[in-house]
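Read off the chains here:
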Amino acid sequence: MTELQLRYYQRGELPNGFRQLLIDVHADAYAAEMDDPFTQRFPWFVDHWSGLEGFTCVVGFDGEEPVGFAYGAPAKTGREWWREHIDPAPERDSTFSFSELMVRPRWRKTGAAELLHSALMAGRDEALAVLLVDPDHPKVAALYASWGYRKVGDRQPFPDSPRYSVMLRDLP
């Protein structure tokens, strides 16, 4: 695999074209599913997440070609996705909500996903990371499990969204 160049982006420091870059990578990654209304809502999610306090995004580039990205933001205390599934909550419960990991088809199975994930999680101050994964994609769930995530429940965050598996992991 060509060594990827990683670029880090934070809320309040997003360059012109950032939003469109993510939308373009998403359109390539989900080309076969772009007729799904929920998939078409991705620009809303970019706007929502990139406006959150603590939003962080890592984009991998092969030269000037965007390969994929990973992003998320710290969860507000007491509003974490996993709370309804674990009682009592862990003593250290600050949480990073890992929202998206996308790799364009040409770069899948090259290690790009793990590199983007690791770069996003490196140096996080939170005790936990949480994500949602579509159970209809067992290979993706298995990949997250190989990175230390464990399934703690199921959740349908929007009436028109799939029902997702809630996965949680401890951060160093």
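Look up: the structure comes first, before these words.
Residues numbered from 1 in each chain as written. Predicted model: local features only at pLDDT ≥ 70, side-chain atom pairs only at ≥ 80, totals over all residues. Heavy atoms only, no water.

Colleague: Could you give me a rundown of unusual backbone geometry, with the residues and numbers involved?
Modeller: With omega at 5°, the peptide bond leading from Asp-87 into Pro-88 counts as cis. Relative to the elements of secondary structure, Pro-88 occurs in the loop between β3 (65–74) and β4 (95–103). A positive phi is found at Lys-109, a non-glycine position, where the angle reads about 65°. Mapped onto the elements, Lys-109 comes out in the loop between β4 and α4 (112–121). For Lys-109, a relative accessible area of 87% translates into the label exposed. (Helix = DSSP H or I, 4+ residues; strand = E, 2+ residues; numbered from the N terminus. Buried < 20%, exposed > 50% of the residue type's maximum accessible area, 1.4 Å probe, protein only.)

Colleague: Can you break down the pattern of salt bridges residue by residue, with the values?
Modeller: Tallied over the full model, the rule gives 10 salt bridges. Arg-7 is the partner of Glu-64 in a salt bridge, and the nearest nitrogen-oxygen pair spans 3.2 Å. Remark: Arg-7 occurs in strand β1 (residues 5–10) and Glu-64 occurs in the loop between β2 (56–62) and β3; sequence separation between them is 57 residues. For Arg-7, a relative accessible area of 26% corresponds to the partly exposed category. (Salt bridge = Lys/Arg side-chain N within 4 Å of Asp/Glu carboxyl O.)

Colleague: An account of the nonpolar core is needed here, citing residue identities and associated values.
Modeller: In this structure, Leu-22, Phe-42, Cys-57, Val-59, Phe-69 and Tyr-71 are the most contacted members of the largest nonpolar core, which totals 29 residues. Only α1 (18–29), α3 (42–50), β2, β3, β5 (128–133) and β7 (164–170) provide two or more residues apiece to this core. No other element matches α1, which puts six residues into this core. If sequence neighbours within four positions are ignored, Cys-57 has contacts with Arg-7, Tyr-8, Tyr-9, Phe-18, Leu-22, Phe-69, Ala-70, Tyr-71 and Leu-120. (Core = buried A, V, L, I, M, F, W, Y, C linked by side-chain atoms within 4.5 Å. Contact = heavy atoms within 4.5 Å.)

Colleague: If you had to explain the pairing of β3 to someone new, which residues and values would you point to?
Modeller: In the case of a regular strand, side chains alternate between the two sheet surfaces. Where burial is concerned, most of β3 is hidden: eight out of the 10 residues are buried. Both β2 and β3 contribute to a ladder of seven bridges, which runs antiparallel. Of the residues in β3, the one forming a bridge with Val-58 is Ala-70. What sits between the antiparallel neighbours β2 and β3 is a turn of two residues, in which Gly-63 has the positive phi angle 70°. (Pairing = 2+ DSSP bridges.)

Colleague: How would you explain the environment of Arg-83 if you had to name every residue and give the values?
Modeller: Mapped onto the fold, Arg-83 is located in the loop between β3 and β4. Overall, the relative accessible area of 25% leaves Arg-83 in the partly exposed class. Measuring from C-alpha to C-alpha, the distance between Arg-83 and Ala-142 comes to 22 Å, with 59 residues separating the pair along the chain. With residues up to four places along the chain from it excluded, the contact list for Arg-83 reads Gly-78, Ala-89 and Asp-93. At 2.3 Å, the side chain of Arg-83 forms a polar contact with the side chain of Glu-80. Of note is the side chain of Arg-83, whose polar atom sits 2.4 Å from the side chain of Asp-93. (Polar contact = N/O pair within 3.5 Å; in protein donor to acceptor, adjacent residues only side chain to side chain.)

Colleague: How would you explain α4 if you had to name every residue and give the values?
Modeller: The buried count for α4 comes to seven of 10 residues, which makes it a mostly enclosed element. Along α4, the positions that sit buried rather than exposed are Ala-112, Ala-113, Leu-116, His-117, Ala-119, Leu-120 and Met-121. Note on α4: the residue one or two positions beyond its end, Gly-123, has a positive phi of about 75°.

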